[in-house]
Amino acid sequence: MGHGARGDNEYQFSLEFLEPVHPEAKYNSNQRQVDIKVKKQSERWWERLTLQERKPVFLSPDFDRWLDESDAETERQAKDDDNGFMLGNNIRVESRIRKDPYVGLKKGYLFMYSLVQFLGFSWIFVIMTVRLFVLGEDSFYDTFDNIADMMYFCQMMAVLDVINPLLGLMKSGVFPAMIQVAGRNVVLFVIFGSLEQMQNKPVVFFVFYLWSAIETFRYPFYMLACIGMEWKLLTWLRYSLWIPLYPLSVVAEAVAVVQSMAIFDETRLFSLPLPAVLGHSLSFSYTLQLYLVIMFLGLFINVRHLYKQRRRRFRSRKRKVQ
């Protein structure tokens, strides 16, 4: 519960918190706002600030200090573990979570992982760009031969994007990461890696180029976050480039899947044997048709997830400008 005063006009507000808080509360008032700080009694994530599900009209989130367990990413580990909420005109309620004693080791590991991925994907992006300018359209047809080894390495390493949050090393969503990593590895290892007929098609160039363009800007953002730094241009690129590039990459992946179906029908690779009365085998292309549906469902889930992240990241800045 709390109350405050501003100038000569006194007012009161009351809150029943979702979880117990320490009775001691600190507040500081000036002509612009009243800052009120409360501390959690237990270290856990809150689904919301107040006990009642409906948000009070005078309460709005302070996104400068907001931490969300499902949507938080590596950069938030570089900041203080603060949860913040705004009451009325900048009346702020905060809570602080005790720092992890191994946070330095975790940040060091995440920094090195992001650095390795950045070097790998940026190498792919630069080499493909140079080859495009030098060779023109001819570079489309031998992309796999020149780039595949590094892409194999980067995509196998990308499995850690799923493992890290599972182990609690970073507070990012496991399911969106799993959708992206699994989808890419199906295209890379099953479609391109197992079918030589697919390896000289131009679609390989577009898939690899879009993947590397996205990650070349994503992993440096994580690196800077691990050392507590932010470059505004890089932050904007990380939260904005996905808008055209991610859907385009999924469309390119879908084109590769469609082109491979006829090859799987012809070669019978990965076909499922059937009893004689039902036929010889069930072509793997039927599995790929089902995969296409799952792919675009995953696109919807990840676009929604990325949009929520972007809106949360930039909403507080827009309010300050207004």
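As the structure is a prediction and not an experimental result, all values here were calculated from the model. (Residues numbered from 1 in each chain as written. Predicted model: local features only at pLDDT ≥ 70, side-chain atom pairs only at ≥ 80, totals over all residues. Heavy atoms only, no water.)

A. Quick peek at unusual backbone geometry. Of note in this structure, Arg 268 is not a glycine but carries a positive phi near 60°. With respect to the secondary-structure elements, Arg 268 resides in the loop between helix H7 (242-267) and strand E8 (272-273). With relative accessibility at 35%, the residue Arg 268 sits in the partly exposed group. Phi is positive for Phe 270, which is not a glycine, with a value near 65°. (Helix = DSSP H or I, 4+ residues; strand = E, 2+ residues; numbered from the N terminus. Buried < 20%, exposed > 50% of the residue type's maximum accessible area, 1.4 Å probe, protein only.)

B. Local environment of the confidence of the model for the protein. Here the protein averages 81 in pLDDT, and 71% of its residues register 70 or above. Every residue in residues 1-11 is under pLDDT 50, and counting partners more than four places away or in other chains gives 23 contacts. Note on residues 69-75: pLDDT is under 50 here. Beyond four places in sequence and across chains, it has 29 contacts. (pLDDT = per-residue confidence, 0-100. Contact = heavy atoms within 4.5 Å.)

C. Here's a closer look at helix H5 (residues 202-226). The terminal C-alpha atoms of H5, which comprises 25 residues, lie 37 Å apart, in line with the 36 Å expected from a rise of 1.5 Å per residue. With 20 of 25 residues buried, H5 lies mostly within the body of the structure. The first or second residue beyond H5 is Gly 228, which carries a positive phi of 75°. (Expected span 1.5 Å × (residues − 1).)

D. A nonpolar patch on the surface, seen in detail. A cluster of nonpolar side chains, Val 126, Val 130, Phe 133, Val 134 and Leu 135, forms an exposed patch at the surface whose accessible area comes to about 510 Å². Its location among the elements puts Val 134 in helix H1 (residues 103-135). (Patch = residues over 30% accessible without salt bridge, like charges linked within 9 Å, V, L, I, M, F, W, Y side chains within 5 Å. Areas by Shrake-Rupley, 256 points an atom, 1.4 Å probe, with all protein chains shown as cover. Salt bridge = Lys/Arg side-chain N within 4 Å of Asp/Glu carboxyl O.)

E. Geometry of the side chain of Gln 155. Here Gln 155 is to be found in helix H2 (residues 143-157). Given a relative accessible area of 1%, Gln 155 falls into the buried group. One polar contact links Gln 155 to Asn 185, side chain to side chain, over a distance of 3.4 Å. Discounting residues that sit within four places of it in the chain, Gln 155 has contacts with Phe 121, Val 181, Arg 184, Asn 185, Leu 188 and Trp 211. (Polar contact = N/O pair within 3.5 Å; in protein donor to acceptor, adjacent residues only side chain to side chain.)

F. Region of the structure containing the environment of Asp 138. Considering the arrangement of structural elements, one finds Asp 138 in the loop between H1 and H2. According to the relative accessible area criterion, Asp 138 is exposed, its value standing at 54%.

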